[in-house]
Amino acid sequence: MTSTKGMKIGILTAGGDCPGLNAAIRGVGKTAALKYGMEVYGFSSGYLGLVNGEFKKLSVRDLSGILTVGGTILGTSREKPFKHDEYNNYVQSKPEQIKENYNNLGLDCVVCIGGNGTMKTASKLYEAGINTIGIPKTIDNDVWGTDVTFGFDSAVNIATEAIDRVHSTANSHKRIMVVEVMGHQAGWLTLFSGVAGGGDVILIPEIPFKREIIKNYILRRYDEGKPYSIVVVAEGIKIPLKKTENKRHISAGAYISDLIQSDTGLETRETILGYIQRGGSPSPADRILATELGAHAAQMISEGKFGEMAAIHNRKLISLPLSEVAGKLKLVPDDYPLIQHARSLDTCFGAKL
Ligand code: F6P
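Residues numbered from 1 in each chain as written. Predicted model: local features only at pLDDT ≥ 70, side-chain atom pairs only at ≥ 80, totals over all residues. Heavy atoms only, no water.

A separate point is the overall build of the protein. Tallying secondary structure elements over the protein gives 11 helices and 11 strands in all. On C-alpha atoms alone, the protein measures out to a radius of gyration of 22 Å, which is about the 20 Å that the 2.2 N^0.38 rule sets for 353 residues. Contacts in the protein between residues far apart in sequence, at least 24 positions, make up 73% of those at least 6 positions apart. When the accessible surface of the protein is summed, it comes to about 16000 Å², and 51% of that surface belongs to carbon and sulfur atoms. With 40 positive and 37 negative side-chain charges, the protein shows a spacing of 1 Å between the two charge centroids. (Helix = DSSP H or I, 4+ residues; strand = E, 2+ residues; numbered from the N terminus. Rg over C-alpha atoms; globule rule 2.2 N^0.38 Å. Contact = heavy atoms within 4.5 Å. Areas by Shrake-Rupley, 256 points an atom, 1.4 Å probe, with all protein chains shown as cover. Lys, Arg positive; Asp, Glu negative; His and termini not counted. Charge placed at Lys NZ, Arg CZ, Asp CG, Glu CD.)

Shown next, in the form of structure tokens:
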């Protein structure tokens with residue numbers, strides 16, 4: 001093994017935040033410093049810090065006491081340095097600025113902690129000659145190449161608790177309660193929290209729904225003496241938009257709630273969970289996953305495995321080329337066993353079996 005002492009590494013967190021980011025920063029940073037003798041630098045606000053050269057040297061002391069803390073001590077942004085901007089014609093391009101900052105600081109690698117967009121940028125930076133390593137995170141669990149991302153388990157816990165609480169008020173008022181869950185274009189968070197929270201109807205982007213099926217199911221429950229139902233709906237389900245409407249301003253939860261009320265005549269209310277799903281302290285499972293992926297990423301640096309993403313597959317830590325991950329989404333497959341099992345318990349997915 002080549003000597004790692006004195007190697008300089010950067011760490012950044014990019015994209016939407018999630019519980020476990022600090023645990024991952026601590027995992028990479030402490031392992032890099034304590035086990036491999038590397039110097040650790042934290043870049044602020046995702047790729048923005050790399051473009052603008054905004055960084056701070058992180059001591060082991062800086063990395064202590066952050067395992068359980070939500071958010072990210074480095075800050076984050078959705079900056080995409082390879083996206084062209086209006087100034088590109090006459091100022092230095094952002095990737096060139098990144099290269100200059102990387103070389104000036106004498107970095108050996110940048111660890112990019114983020115979701116799909118972050119992995120794509122990390123892959124492009126590697127192609128442009130910068131050593132990068134990716135660590136996947138997101139409450140959406142939609143990063144291709146890893147079985148699970150940290151942030152997901154915490155968000156499942158938060159959303160499940162919210163669904164549990166909605167149950168009692170739904171029962172008191174005999175109402176239909178719609179709970180909208182995040183997840184971008186993937187249904188993982190909705191499926192897991194929906195099943196864990198005992199949702200009666202679960203709607204995910206991967207399974208196109210038919211309103212007739214939802215209506216008949218809720219009315220059948222009503223006829224069977226169950227006057228309340230819980231509907232868990234993913235923010236990313238496809239809803240028909242008028243030409244003047246913008247998807248960002250139309251809530252899937254409100255749309256489904258209106259639909260159910262007008263189709264069934266039953267009183268319906270919606271709750272949009274929103275950003276509370278991303279906030280607060282990570283669950284123990286996320287703390288462990290983030291710590292392991294962080295430590296694994298530091299080991300990958302020591303082995304020169306650049307241009308790769310740390311991942312977990314069949315409970316084993318692995319790595320795979322960022323170029324294989326870039327541009328792909330991990331969606332819920334139709335034949336996913338949890339869907340089949342929930343269906344056999346009479347959970348409705350808004351579609352025929
Ligand atoms: O990717 C995580 C996520 O929270 C998605 O579930 C959600 O669609 C999106 O980020 C919200 O993004 P923003 O933080 O830009 O509002």
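This brings us to the domain arrangement of the protein. Each assigned domain of the protein is listed with its residue range as follows: domain 1 (8-150 + 282-325) and domain 2 (152-278). One C-alpha centre belongs to domain 1, the other to domain 2, and the line joining them spans 34 Å. Facing 17 residues of domain 1, the contacting portion of domain 2 comprises 13 residues. Taken together, the two surfaces of domain 1 and domain 2 that pack against each other cover about 1100 Å², and 51% of this comes from carbon and sulfur. Contact with domain 2 buries area across many residues of domain 1, yet Ile139, Asp140 and Asn141 alone supply 47% of it, more than any other trio. Linking domain 1 with domain 2 are one salt bridge. Of the charged contacts in the structure, one is a salt bridge between Arg278 and Asp17, with a shortest N-O distance of 3.0 Å. Where domain 1 packs against domain 2, one counts seven residue pairs in polar contact (both at pLDDT 80 or more). (Domains from an automatic or database assignment. Buried area = accessible area lost by both parts, 1.4 Å probe. Salt bridge = Lys/Arg side-chain N within 4 Å of Asp/Glu carboxyl O. Polar contact = N/O pair within 3.5 Å; in protein donor to acceptor, adjacent residues only side chain to side chain.)

All right, on to the sheet that holds strand S11 (residues 316-321) then. On the basis of which strands lie adjacent, the open sheet formed by seven strands has the order S3-S2-S1-S4-S5-S10-S11 and mixed pairing. Among the strands making up the open sheet, the edge pair consists of strand S3 (55-57) and S11. The sheet shows a mean angle of 25 degrees between the axes of neighbouring strands, taken without regard to direction. Bridge count between strand S1 (residues 8-13) and strand S2 (residues 39-43): four bridges; the pairing is parallel. Counterpart to Ile11 in the pairing with S2 is Gly42. Across the sheet, helix H9 (residues 284-302) touches S1, strand S4 (109-114), strand S5 (132-136), strand S10 (308-313) and S11, and the angle it forms with S10 is around 140 degrees. (Pairing = 2+ DSSP bridges. Axes fitted to C-alpha atoms, helices over the stretch in contact; angles between N-to-C directions.)

All right, on to helix H6 (residues 188-196) then. Among the residues of H6, those classed as buried are Trp188, Leu189, Thr190, Leu191, Ser193 and Gly194. On its buried side, H6 packs onto helix H5 (152-173), strand S6 (176-181), strand S7 (201-203), strand S8 (229-234) and helix H11 (337-344). Gly198, located one to two residues past H6, shows a positive phi value of around 65 degrees. (Buried < 20%, exposed > 50% of the residue type's maximum accessible area, 1.4 Å probe, protein only.)

Another point: the nonpolar core. Counting 61 residues, the largest nonpolar core has Ile9, Ile113, Phe150 and Ile301 as its most contacted members. In terms of residues, this core owes the most to one element, H5, which gives eight residues. Each of domain 1 (8-150 + 282-325) and domain 2 (152-278) accounts for three or more of the residues forming this core. Filtering out sequence-adjacent residues up to four positions away, Ile113 remains in contact with Ile11, Leu12, Thr13, Ala14, Leu21, Ala24, Ile25, Thr118, Ile135, Lys137 and Phe150. (Core = buried A, V, L, I, M, F, W, Y, C linked by side-chain atoms within 4.5 Å.)

Pairing in this open sheet of four strands is parallel, and the strands run S7-S8-S6-S9 from one edge to the other. With partners counted over all chains shown, the strands left at the sheet margins are S7 and strand S9 (268-272), one partner each. Ignoring which end each strand starts from, the neighbouring axes of this sheet average 15 degrees apart. Taken together, the six bridges between S6 and S8 define a ladder with parallel strand orientation. Counted as the bridge partner of Glu180 is Val233 from S8.

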